[in-house]
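Descriptive analysis of the structure
Listed below, chain by chain, are the residues.
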Amino acid sequence: MASRNPNPHGDPGLQPERTALAWGRTMLALVTASAFFLRWLPVYGFPILMLFAVSAGAALAIYLTQRSRYRARAHGLAGESIEADLPAVLWTAFAGVALGGLGIAVVLTG
Amino acid sequence: MTNSEQPTPATAPPPRGKIAQLLLPGGEEPDPRFTLANERTFLAWIRTSLALLAGGIAIEAFTSGLFLEPVRKGLAVLLLLLGMMLSSGAAVRWVRVERSMRNKAPLPLPLLVPLVAGAGALAAAVVVVFILLR
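Residues numbered from 1 in each chain as written. Chains lettered and ligands numbered in written order. Predicted model: local features only at pLDDT ≥ 70, side-chain atom pairs only at ≥ 80, totals over all residues. Heavy atoms only, no water.

**Focus on the overall build of chain B**
Applied cut-off: The helix count covers DSSP runs of H or I at least four residues long, the strand count covers runs of E at least two residues long, and both are numbered beginning at the N terminus. Accessibility here uses a 1.4 Å probe with only protein chains present; expressed as a share of the type maximum, an area under 20% marks a residue as buried, one over 50% as exposed, and anything in between as partly exposed. Contacts were defined at the residue level, with two residues in contact if any of their heavy atoms lie within 4.5 Å.
Counting secondary structure elements, chain B contains four helices and zero strands. Each helix and strand of chain B, placed in order from N terminus to C terminus, yields the pattern α-α-α-α. Counting every position in chain B, which comprises 134 residues, the buried fraction comes to 43%. Taking the contacts inside chain B whose residues are at least 6 apart along the sequence as the reference set, 67% of them involve residues at least 24 apart.

**Structural notes on the pattern of salt bridges**
To keep things clear, this is the line we draw: Only one rule defines a salt bridge in this text: a Lys or Arg side-chain nitrogen within 4 Å of an Asp or Glu carboxyl oxygen.
In the structure shown here, the tally under the stated rule is nine salt bridges over all chains. Note that D11(A) is salt-bridged to R33(B), the shortest N-O span being 3.3 Å. Placement of the pair is D11(A) in the segment before helix 1 (15-39) and R33(B) in helix 2 (residues 32-62), with the two residues belonging to separate chains. Owing to a relative accessible area of 22%, R33(B) belongs among the partly exposed residues under this scheme. For E39(B), the salt bridge identified is with R73(A), shortest N-O distance 2.6 Å. In this pair, E39(B) sits in helix 2 while R73(A) sits in helix 3 (residues 48-78), so the two residues belong to two different chains. Under the relative-accessibility criterion, E39(B) is labelled buried at 1%. Since its relative accessible area comes to 7%, R73(A) is described here as buried.

**Considerations on the packing of aromatic side chains**
Residues and elements named next belong to chain A. Formally: Between rings of Phe, Tyr and Trp, where Trp is taken as its six-membered ring, a pair exists when centres lie within 6.5 Å; planes separated by under 30 degrees are stacked, by over 60 edge-to-face, and by other angles tilted. Placement of a charge over a ring requires the Lys NZ or Arg CZ to be within 6 Å of the ring centre, with the centre-to-atom vector within 35 degrees of the ring normal.
Going through the model one piece at a time under the given rule, you end up with two aromatic pairs over all chains. On the basis of an interplanar angle of 80 degrees and a centroid distance of 6.2 Å, the ring pair of F36 and W40 is categorised as edge-to-face. A relative accessible area of 27% places F36 in the partly exposed class. W40 gets classed as buried once you look at its relative accessible area, which sits at 6%. Here the aromatic rings of W91 and F94 are separated by 6.0 Å at their centres, their planes lie at 85 degrees, and the arrangement is edge-to-face. Here the residue W91 and the residue F94 both occupy positions in helix 4 (residues 86-109), the gap between them amounting to three residues, near one helical turn. For the pair formed by W91 and F94, the shared burial category is exposed. Its end group placed over the ring of W23, R69 keeps NZ or CZ at 4.2 Å from the ring centre.

**Brief notes about helix 2 of chain B**
Residues and elements named next belong to chain B. Our working definition: For a helix, the expected span equals 1.5 Å multiplied by the number of residues minus one. In protein, a polar contact requires one atom able to donate a hydrogen and another able to accept it; more generally it is a pair of N or O atoms within 3.5 Å, and residues adjacent in sequence count only if both atoms are side-chain atoms.
With 31 residues, helix 2 ought to run about 45 Å at 1.5 Å a step, and its terminal C-alpha atoms sit 44 Å apart, in line with that. Counting buried residues in helix 2 gives 22 out of 31 residues, a clear majority hidden from the surface. N-cap assignment for helix 2: the residue whose side-chain oxygen lies 2.8 Å from the backbone N of R33 is D31.

**Focus: unusual backbone geometry**
At L14(A), a position not held by glycine, the phi torsion is positive, near 50 degrees. Tracing the chain through its elements places L14(A) in the segment before helix 1.

Listed below in structure tokens is the structure:
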């Protein structure tokens, strides 16, 4: 495993680590939002579970891809070439838009 | 494997996906550190958006004894709309910054900043008017 080497990419700015931590913070924010949506289940009823599903699903997706993403970036930085992660950006933004749309539907119908 | 669109550099880059070629055409891969920095900025906007989305849901659920229903629903929808715009705007800005960096062009001005500032001021104004008229 590459993780035996404490600094596999040799970048003193630790860019892959900082980026992995940024994804981790975003994941925690999504988990917090999930818990928050569940907390309002008694007020909104069943529809709020859709928001819970989207935010918890997005958090899980980030969690499951953290390792491979970090490894690809650390490896890419060592070779001075990292491809922009367009799918991850689009999916994350889509989750945010879906949460907003579902939230508006829940607020207006509730 | 051939790469007919770009002059072949010393180390040929891996083939890019179709959506990536569509949204990030031309230019060349920027410094990987810049790509990662752009991604972190995008994630910071996404977290801001999540705070607004959670706030919108909370306003509607939490303030039923405080605000009249139209004010409450209006504020909640305003916050949720702003959260949606921030999420999509963060992706648009990420793409624009990535394009600029690929083409070594100046970075675009952040349209998100006046949007967030304006909407935040509007939400505050709604609350101020409501409190004054109460």
